[in-house]
Each structure stands twice: as structure tokens, then as C-alpha cells.
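Geometric and topological summary
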Amino acid sequence: MPLNSLLQAFKFRDKKPALSPLRMAVIGAGRMGQFHLKHLSKNPSVTLSGIVDSSAERRESLARKYKTTALADPSALIGQIDAAIIATPTSTHRSIGGPLLSAGISCLIEKPLASTLEDAEALISAATASGAILQVGHIERFNPAVMEAARHISHPQFIEVNRLGPYDPRVAEVGVILDLMIHDLDIVLFLVGENVTRVEAFGAKVLSNHEDIAKVRLHFAGGCIADLSASRICGA
């Protein structure tokens, strides 16, 4: 369900359905990339047109498994696909996604969108200029439980969120806010639907060079307050 929900952004413009399968590629074939490959391969609305990964062994193996083309350079996809899923390290999102978006290729980029505000704005500008669709992989907003809860929530006054987990060196290049809390920030903003007027936040480094535990309080224009806690040192 989450993937199908996300694909609607790629498949429809002005509510007109695509007349042929969407040609898609997956860039980055790690854990998340392979998750996307598994589900794209089962979707009859999609033609898997390529797999890009820095590991020749991995991309060739997965290309054989999913009967598609293995590529080392994302730029080779330009002119060959309609949309791409980018599941590479955050620091590479701008360099990979920028040229594709500029070429009119819609992109679902795994969260976090970028390492810096400048990179994020560059990606948005590239999509805006070409008319391509840019979506961040906040799949938890499409969680059936969240979608059902949204039907019953109107003008919330207080929200408390706790997301706790063990340390994962795989995402040590970003802090716990961009790693974990970003999901809850997206969901809270979605549920409240108002502008944030004030932010209070603090965090601490424990196992990485970024914050590994953080607490945030958001004040909204309508009076709602949201307290969010995130930790990736539980069980460490």
C-alpha cells in the first residue's frame, strides 16, 4: 500500500492515467534499494528499466534476478526512463538527482532529501524548472494506521511522539533528526496542517559525530504543541 500510494504521484498528471507502463530505475541497491526493487518488480504498472549501483557484482546480480539492465552511471538513464527511485547515501542525492530532475525525470528520493538546505533547494529548483515530480520517501505518512488516524483527528491540541531504536552505523553520516525523527516531523505537520511558529530543540552526541538523541517541541499557529523524542542509542 505505501508504494502504490507513492506511485500515484508518478503515474498521474491532471488526473490523466498513463497509457503505458512507467519506465523506472532504482539507483542504489542497498537495503532500501532492494526493498524498492522487490515491490517494483511486482507492479504491473511499472517496467523496471535499470539498476544502478557502485558495486558491479551487486548490480549485475540484481539485474539478472530482475531481468533488467545493470548500469554504473545514473546519467546513462537520461532519455531511457520516466522516473527513478534514488536510495543512495544522502550526500549523493543532489549530484545524482539534480541532472535527472533537470532532464524531466521524476524522482522519489529516500529520506532525508539532502544533507544541506542548499542541496535540498537545488533539487526542488531543478524539479520546478523541468516540471518533473520530486517526492521524498516519507512512506510512513502512507502507513494505513496513520491514514486512518488522520480521518479522526481534527484540531489537535497536544501530540507526543517517541521513536527509539538501536544504533545503525549505516546512517552515521546524518543525525537522529534526519535519520529517525524526520518521519515524525512529517507526520505531525501532516496531521496538524498549520504553520510552526516556534521550535525548541536540543540533542547530544553519543556514538557518532552527529546528535544521537534529540528532543523537539513544536508550537503551531493554532495553539497545538507537539513534543517529539528520538534516540538511536536504545539497546546500544
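Residues numbered from 1 in each chain as written. Predicted model: local features only at pLDDT ≥ 70, side-chain atom pairs only at ≥ 80, totals over all residues. Heavy atoms only, no water.

Looking at the environment of Ala122
For clarity, the cut-off: Numbering of helices and strands starts at the N terminus; helices are DSSP runs of H or I of at least 4 residues and strands are runs of E of at least 2. To sort residues, take the accessible area from a 1.4 Å probe on protein chains only and compare it with the maximum for the residue type: under 20% means buried, over 50% means exposed, and anything in between is partly exposed.
Topologically, Ala122 is positioned in helix H5 (residues 117–130). Ala122 sits in the partly exposed class, given a relative accessible area of 24%. For the pair formed by Ala122 and Ser95, sequence separation is 27 residues and the distance between their alpha carbons is 10.0 Å.

Some points on helix H7 (residues 176–192)
Condition: Here the expected span of a helix is defined as 1.5 Å times the quantity of residues minus one. Two axes define the bend at a residue: one fitted to the seven residues ending there, one fitted to the seven starting there, and the bend is the angle between them. Should any heavy atoms of two residues lie within 4.5 Å, those residues are counted as being in contact.
Taking 1.5 Å of rise per residue, the 17 residues of H7 would be expected to cover 24 Å, and the 22 Å separating its terminal C-alpha atoms lies within 8% of that figure. The sharpest bend along H7 comes to roughly 50°, located at Ile182. Along H7, the positions that sit buried rather than exposed are Val176, Asp179, Leu180, Met181, Ile182, His183, Asp184, Asp186, Ile187, Val188 and Val192. Against the buried residues of H7 lie helix H6 (144–152), strand E7 (158–164), strand E9 (213–220) and strand E10 (225–231). Downstream of H7 by one or two residues, Gly193 has phi in the positive range, about 70°.

Thoughts on the layout of surface pockets
Quick note on the threshold: Lining residues are defined by having an atom within 4 Å of a point belonging to a cavity or pocket. Those points lie on a 1 Å grid over the protein atoms alone, cavities being sets where a 1.4 Å probe fits but cannot get out and pockets being open sets with protein on both sides within 12 Å along at least five of seven lines. Grid points are joined across faces, edges and corners, and a volume is the space filled by probe spheres set on the points. All amino acids are sorted into three groups, where Ala, Val, Leu, Ile, Met, Phe, Trp, Tyr, Cys and Pro are nonpolar, Asp, Glu, Lys and Arg are charged, and the leftover types, Gly among them, are polar.
For the largest pocket, the calculated volume is near 870 Å³. Lining of the largest pocket is provided by 37 residues; of these, Met32, Ala87, Thr88, Arg170 and Val171 occupy positions nearest its centre. Mapped by element, the contributors of at least two residues to the lining of the largest pocket are helix H2 (31–40), helix H4 (93–102) and H7. Among the elements that take part in the lining of the largest pocket, H7 stands out by supplying 3 residues, more than any other. In terms of residue class, the lining of the largest pocket is built from 16 nonpolar, 9 polar and 12 charged. Reported here for the second largest pocket is a volume of approximately 170 Å³. Looking at the second largest pocket, the residues that line it are Pro112, Leu113, Ala114, Ser115, Thr116, Leu117, Ala120, Val136, His138, Leu178 and Ile182. Contributions of two or more residues to the lining of the second largest pocket are made by H5 and H7. Considering only residue class, the lining of the second largest pocket consists of 8 nonpolar, 3 polar and no charged.

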